[in-house]
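Here's the letter readout for the chains.
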Amino acid sequence: MAARPTIGVLAVQGDFREHLDAVRAVGADGREVRLPADLDGISALILPGGESTAMRTLMHRWGLVAPIKALAAAGAPILGTCAGAILLATKIDDGDEPVLSLLDVSVRRNAFGRQLESFETQLTMRGLGANGRAGMLQAVFIRAPQITAVGPAARVVATLDDGRVVGAAQGSVLGIAFHPELAGELRLHRALATAAHRFARRRRS
């Protein structure tokens, strides 16, 4: 019987508990990541929503930036949701220095308004349907960023009906502006667990 993959969830701030619940619901083991040692042995990583400035500060303080970059360089799947997508971006439009620079996109923080303007909607996302076709996904937007530009190394994977880009991927890295875990949507976590299992198997071989 195949071993359950271990998926780390950055737990310095934000809604990491909801992601841990989703990870366990799809049959993977979840681990809170606060220090570099917590990354040892994980096969995928989730960067959750939260307050990106606080997350940036704590990631630098606790020495997480370099080991997360190394994990990505090794090919581990990484999912960033909402603030997590900001941490992944190569450019932040309001002038802040990028944190991880793992996803060739520009992002604008709080592009969908304040907390009171939060909303839930269905959107189109590539790779959800049969044979990798696009499918509809339920998503929650809370003080969400928008992907304002997608560079040549990345590709658009999710858009709203009005064409605004809310998801992009680059290799094994995926950044989305919304919260699937708050909408009861588990397909992205299930896909992440599958990718984590493949990565763990490659690493063992």
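Scroll up for the structure.
Calculation criteria
Residue positions are given per chain, counted from 1 along the sequence in the order it is written. Given that the model is predicted, a residue must reach a pLDDT of at least 70 before its local features are reported, and side-chain atom pairs must reach 80 or more before they are shown or counted; all residues, however, enter totals for whole chains, interfaces and linings. Neither water nor hydrogens contribute to the side-chain values; these are computed over all heavy atoms in the structure. Planes of paired rings set the category: under 30 degrees apart is stacked, over 60 is edge-to-face and the rest tilted, where pairs are Phe, Tyr or Trp rings (Trp by its six-membered ring) whose centres lie within 6.5 Å. Relative accessibility thresholds used throughout: buried, under 20% of the residue-type maximum; exposed, over 50%; partly exposed, between the two (1.4 Å probe, protein chains only). Secondary structure is summarised from DSSP: a helix means a run of H or I of at least four residues, a strand means a run of E of at least two, and numbering begins at the N terminus for each. Salt bridge, as used here, is a side-chain nitrogen of Lys or Arg placed within 4 Å of a carboxyl oxygen of Asp or Glu. The pairing criterion is simple: DSSP has to find at least two bridges between the two strands. What goes into a patch is any residue over 30% in relative accessible area without a salt bridge, connected to like charges within 9 Å or, for nonpolar side chains (Val, Leu, Ile, Met, Phe, Trp, Tyr), within 5 Å. The accessible surface values rely on the Shrake-Rupley method and a 1.4 Å probe; as for residues, cover is taken only from the protein chains in view. For the charge count, each Lys or Arg is scored as positive and each Asp or Glu as negative, with His and the chain ends excluded. By convention, the point assigned to a charge is CZ for Arg, NZ for Lys, CD for Glu and CG for Asp. Each nonpolar core is a collection of buried residues, namely Ala, Val, Leu, Ile, Met, Phe, Trp, Tyr and Cys, held together in the definition by side-chain atoms within 4.5 Å. Whether two residues are in contact is decided by their heavy atoms, any of which lying within 4.5 Å being enough.

## What about the packing of aromatic side chains?
By the definition in use, this model includes four aromatic pairs. Measuring from centroid to centroid gives 6.0 Å for Phe112 and Phe119, while their planes differ by 55 degrees, and the two rings are tilted. Owing to a relative accessible area of 29%, Phe119 belongs among the partly exposed residues under this scheme. With a centroid separation of 4.8 Å and an interplanar angle of 5 degrees, the aromatic rings of Phe119 and Phe141 are classed as stacked. Of the two residues, Phe119 sits in strand S7 (residues 119-125) while Phe141 sits in strand S8 (residues 135-141), which places them 22 residues apart along the sequence. A network of ring pairs unites the aromatic residues Phe112, Phe119, Phe141 and Phe178 as a single cluster.

## Remarks on the pattern of salt bridges
Pairs can form between side chains of opposite charge once their charged atoms are near each other. This model, assessed by the stated rule, comprises six salt bridges. Residue Arg109 pairs with Asp94 through a salt bridge whose shortest N-O separation is 2.6 Å. With Arg109 in the loop between strand S6 (103-108) and S7 and Asp94 in the loop between strand S5 (89-92) and S6, the pair connects residues that are 15 residues apart, well separated along the chain. In this structure Asp94 comes out as partly exposed when scored by relative accessible area, which is 47%. In this structure, Asp96 engages Arg109 in a salt bridge whose closest nitrogen and oxygen atoms are separated by 3.0 Å. With Asp96 in the loop between S5 and S6 and Arg109 in the loop between S6 and S7, this pair connects stretches of sequence that are 13 residues apart.

## Some thoughts on the pairing of S8
Counted residue by residue, S8 has five buried out of seven residues, so it is predominantly covered. As paired strands, S7 and S8 are joined by seven bridges and run antiparallel to one another. Bridge assignment links Thr124 to a residue of S8, and that residue is Met136.

## Digging into a positive patch on the surface
A cluster of basic residues, Arg198, Arg201, Arg202, Arg203 and Arg204, forms a positive patch at the surface. By secondary structure assignment, the location of Arg198 is in helix H5 (residues 187-204). With a relative accessible area of 41%, Arg198 lands in the partly exposed category.

## Quick look at the nonpolar core
Counting residues in hydrophobic clusters, the biggest one holds 35 residues, and the most contacted among them are Leu45, Leu47, Met59, Ile68, Ile78 and Leu100. Listed by contribution, the elements that provide at least two residues to this core are strand S3 (44-47), helix H2 (52-61), helix H3 (65-73), helix H4 (83-88), S5, S6 and strand S11 (165-170). In this view, Ile68 contacts Leu39, Leu45, Leu47, Met59, Ile78 and Leu100; residues no more than four positions away in its chain are not counted. One finds Leu20, Leu137, Ala169 and Leu174 within the second-largest nonpolar core, a separate group that totals 33 residues.

## Comments concerning the side chain of Ser106
As for its position among the elements, Ser106 is in strand S6. With a relative accessible area of 11%, Ser106 lands in the buried category. Here Ser106 is in contact with Lys91, Asp93, Gln146, Ile147, Thr148 and Ala149, once residues within four sequence places are set aside.

Interpretation note: all reported values are geometric properties and have no functional meaning in isolation.
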